[in-house]
Amino acid sequence: MPAGVTLTVAPCAEVRIRPGFDLTVEGTMVARGTPTQRITVQRDNPSLPWDSIWVKSPGFADLAFVSLSGGGAAGAAVIAEGSGFLPAALPLLADHLKVVGSTSLGVRLFQRAGFAAGSRDLVVSGSGATDPAAPYPLRMPLISVGTLPTGTYTGNASDLISINEGNHVVEVDAAFHDRGIPYQIGGPAATLGVLTVDGDPALATLTIDAGVEIRFYTAGSN
């Protein structure tokens, strides 16, 4: 979907994606189901995964009451890519989105991407089904950790929110909210667990809510 193009997916629609294919969103994707008329995106071949829904800022995907299953062959079932610059881009609105049975990560955000306002009740389960290097429900940058919506992130190969995209520097005000599972800073794909609070021109503020557990990666941890 190139820039300037909008793809609309109606409630109750069923979308099947063949192995080796993805949906790349550089324009706009609007897939808004309802509580009783969910949209489903699933494998065309029951034995082979599809790649991903990949949203590239300034493209935008509005996914509400959508159930995605059997993706992840491209590293995650849902990928949101920012611009790499400040302020963080917010190319993905996830409202009652379910991501189930991804072969790798459920959701990946990188290049300073975050969730758009209005995101809520995200469910990610069964991630890391066949890729031991990507066992998490979600991997995202530290800068956008405060955008992580309420939801359920259990039942994956590793129930940790991986903060392992880009540097581990708090550049702008950020917050860790209690989302029911621990956060892990760092990992094999990047560096050991380090968290630095910085900011230009003023020092940023990092807020950690009550009940939050943060783990710092060290060699041999998972």
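Read on for a plain summary of the structure. (Residues numbered from 1 in each chain as written. Predicted model: local features only at pLDDT ≥ 70, side-chain atom pairs only at ≥ 80, totals over all residues. Heavy atoms only, no water.)

Here we take up the overall build of the protein chain. Scanning the protein chain from N- to C-terminus turns up 0 helices and 23 strands. For the protein chain, the C-alpha radius of gyration of 17 Å lies close to 17 Å, the compact-globule estimate for 222 residues. Its C-alpha atoms give the protein chain principal-axis dimensions of about 45 × 40 × 30 Å. Burial statistics for the protein chain: of 222 residues in total, 44% are counted as buried. Contacts spanning at least 24 positions in sequence make up 73% of the contacts within the protein chain whose residues lie at least 6 apart. (Helix = DSSP H or I, 4+ residues; strand = E, 2+ residues; numbered from the N terminus. Rg over C-alpha atoms; globule rule 2.2 N^0.38 Å. Buried < 20%, exposed > 50% of the residue type's maximum accessible area, 1.4 Å probe, protein only. Contact = heavy atoms within 4.5 Å.)

We now examine the sheet that holds strand E2 (residues 14-17). Taking strand neighbours across the sheet as the criterion, the 6 strands line up as E2-E5-E8-E11-E14-E16 in an open arrangement whose pairing is parallel. Looking at which strands have only one partner, the edges of the open sheet turn out to be E2 and strand E16 (151-152). Two elements, E2 and strand E5 (residues 39-43), share 4 bridges in a ladder whose sense is parallel. Directly across from Glu14, in E5, lies its bridge partner Thr40. (Pairing = 2+ DSSP bridges.)

Moving on, we get to the pairing of strand E14 (residues 122-125). Side-chain alternation along E14 places Leu122 and Val124 on a buried face and Val123 and Ser125 on a face that remains uncovered. Where strand E11 (residues 98-100) and E14 come together, 3 bridges link them in parallel fashion. When the sheet's bridge partners are listed, Lys98 is paired in E14 with Val123. Direction of pairing for E14 relative to E16: parallel, over a ladder of 2 bridges. Each bridged residue has a counterpart across the sheet, and for Val123 the counterpart in E16 is Thr152.

Let us look at the nonpolar core. One broad rule of soluble globular proteins: the nonpolar side chains tend to lie buried together. Leu68, Val107, Phe115, Leu138 and Ile163 are the most contacted members of the largest nonpolar core, which has 43 residues in total. When residues of this core are assigned to their parent elements, the largest contribution, 3 residues, is made by strand E9 (residues 76-81). Among all residues touching Leu68, those that are not within four sequence positions of it are Val41, Trp50, Ile53, Val78, Leu97, Lys98, Val99 and Val100. In terms of nonpolar packing, the next biggest core, distinct from the first, is built from 7 residues, Ile79, Leu105, Phe110 and Leu160 among them. (Core = buried A, V, L, I, M, F, W, Y, C linked by side-chain atoms within 4.5 Å.)

Before going further, it helps to spend a moment on the pattern of salt bridges. The final tally for this structure, using the stated rule, is 7 salt bridges. Residues Arg32 and Asp62 are paired through a salt bridge, measuring 2.6 Å at the closest nitrogen-oxygen approach. A residue pair is termed long-range when its members are at least 10 positions apart, and Arg32 in strand E4 (residues 28-32) and Asp62 in strand E7 (residues 60-64) qualify at 30 residues. The buried category is assigned to Asp62, whose relative accessible area is 13%. The network of salt bridges with common partners includes Arg32, Asp62, Asp95 and Arg120. (Salt bridge = Lys/Arg side-chain N within 4 Å of Asp/Glu carboxyl O.)

Cis geometry is adopted by the peptide bond preceding Pro58, which originates at Ser57 and carries an omega value of 10°. Within the secondary structure layout, Pro58 lies in the loop between strand E6 (53-56) and E7. Omega for the peptide link from Leu86 to Pro87 comes to -5°, which places this bond in the cis form. Residues other than glycine seldom take positive phi values, yet Cys12 does so here, at roughly 80°. Within the fold, Cys12 resides in the loop between strand E1 (6-9) and E2.

The strand order E3-E6-E9-E12-E15-E17-E20-E23 describes an open sheet built from 8 strands, whose pairing is parallel. At either margin of the open sheet sits one strand with a lone partner, and together these are strand E3 (23-25) and strand E23 (214-216). Sheet twist, expressed as the average angle between the axes of neighbouring strands with direction ignored, equals 20°. With 2 bridges joining them, strand E12 (residues 105-110) and strand E15 (residues 138-141) adopt parallel strand pairing. Opposite Arg108, over in E15, you have Arg139 as the bridge partner. (Axes fitted to C-alpha atoms, helices over the stretch in contact; angles between N-to-C directions.)

Another point: the side chain of Asp51. Summarising the element assignment, Asp51 is placed in the loop between E5 and E6. Despite its burial, Asp51 remains without a salt bridge, the nearest opposite charge being carried by Arg43 at 10 Å. Look past the residues within four positions of Asp51 in its chain and what remains in contact with it is Gly20, Phe21, Asp22, Gly71, Gly72, Ala73, Ala74, Ala76 and Ala77. (Lys, Arg positive; Asp, Glu negative; His and termini not counted.)

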